[in-house]
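# Structural features, examined
Residue strings, one per chain:
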Amino acid sequence: MKRIQGSKIHKLNFVSHSFVLYIFLCAVDIPFMGVQNCQSNCMTCVLLIQGVFHGIENFINEATYMSAVGLPPGFQDKTFIVQGFGNVGMHSMRYLHRYGAKCVGVLEFDGSIFNPEGIDPKELEEYKLSNGGSIMGFPGAQTYEGNLLYEKCDILIPAAGEKVINKHNAPLIKARIIAEGANGPCTPEADKVFLANDQLVIPDLYLNAGGVTVSYFEWLKNLNHVSYGRLTFKWERESNYHLLESVQESLERKFGKMGGRIPVTPSADFQNRIAGASEKDIVHSGLSYTMERSARVSMLCLPQLTTSYRSHLRHKRFWKRH
């Protein structure tokens, strides 16, 4: 198997822009938004959790990393299992499903369900709401006997509790990518097992950075007392219409106007953008860019970050002993 930078897959310890934002928000005592008590369809909640999707996306589309774990790049036809069908698990399942991945199993507090053909996230969400908060009995899947964490899949998203994967059960995990949607779902001892098996661990510090990033955007907006895009909406809309007119005039100068003006019809995607970016669009774009930039920085600094991570583990063990 191909090694990355002459070594095995490393636990990605992201000392990144997102981490700096986290430290900054804590230092100045800015309350950042959480998702524990948020309604599942709240737009703020969705934006925060979208960071999990963007974090996975940045690595699953990177051919070097996928080659090292024995997978082709991209979400298409990847299988994944989610532990926890709360806000993080549900929205992560939605986004991965939308981009072509297939959820084959979901673990919850009262049991697990499995379907190798795939589970529809919208149908499961509606069933859970109508079934008193339980996914058990969902007609689109079968009840799974045993521990679904150990089932074969491409991506495992532990999005429930802490320390659910440890040195005892880590060797049983067959997923090639472990995306830590929860806070600290894997212990340091489990990380060592994954390192030895060339399994890619995308850590919680990075995947959960969507929350502090969007909170930072909100803080900047509150400081300025102006919503994102308000100063540029009209300019962008008019610029887009001028662009269409410029294309039309260029065609008419080239081919003439024998049968009248040459119609220039914008595509559906461009038509949706003509009015300019909404505040929601701007925040989505800013979050995506921040997650991508953080990933790129961390990829470049991987050897140094690995050394930092191992130093952190030694420091942690020292304080446990004393």
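Below: a short report on this structure. (Residues numbered from 1 in each chain as written. Predicted model: local features only at pLDDT ≥ 70, side-chain atom pairs only at ≥ 80, totals over all residues. Heavy atoms only, no water.)

## Some words on the pairing of strand 2 (residues 102-108)
Of all the 7 residues making up strand 2, 6 are buried; the element is thus mostly covered by neighbouring parts of the structure. Taken together, the 5 bridges between strand 1 (residues 79-83) and strand 2 define a ladder with parallel strand orientation. What sits directly across from Q83, in strand 2, is L107. Sheet analysis places strand 2 next to strand 3 (residues 111-114), joined by 4 bridges and oriented antiparallel. Within strand 3, the residue paired with E108 across the bridge is G111. Counting the residues in the hairpin turn of strand 2 and strand 3 gives 2 residues. (Buried < 20%, exposed > 50% of the residue type's maximum accessible area, 1.4 Å probe, protein only. Helix = DSSP H or I, 4+ residues; strand = E, 2+ residues; numbered from the N terminus. Pairing = 2+ DSSP bridges.)

## Points about the pattern of salt bridges
This model, assessed by the stated rule, comprises 4 salt bridges. Note that E238 is salt-bridged to K234, the shortest N-O span being 2.4 Å. Of this pair, E238 and K234 both sit in helix 9 (residues 233-255), separated by 4 residues, roughly a single helical turn. Looking at E238, the relative accessible area reads 34%, which means it is partly exposed. (Salt bridge = Lys/Arg side-chain N within 4 Å of Asp/Glu carboxyl O.)

## So, the side chain of Q83
Mapped onto the fold, Q83 is located in strand 1. For Q83, a relative accessible area of 12% corresponds to the buried category. Excluding residues that lie within four positions of it along the chain, Q83 makes contacts with L107, L149, I157, P158, A159, A160 and V164. (Contact = heavy atoms within 4.5 Å.)

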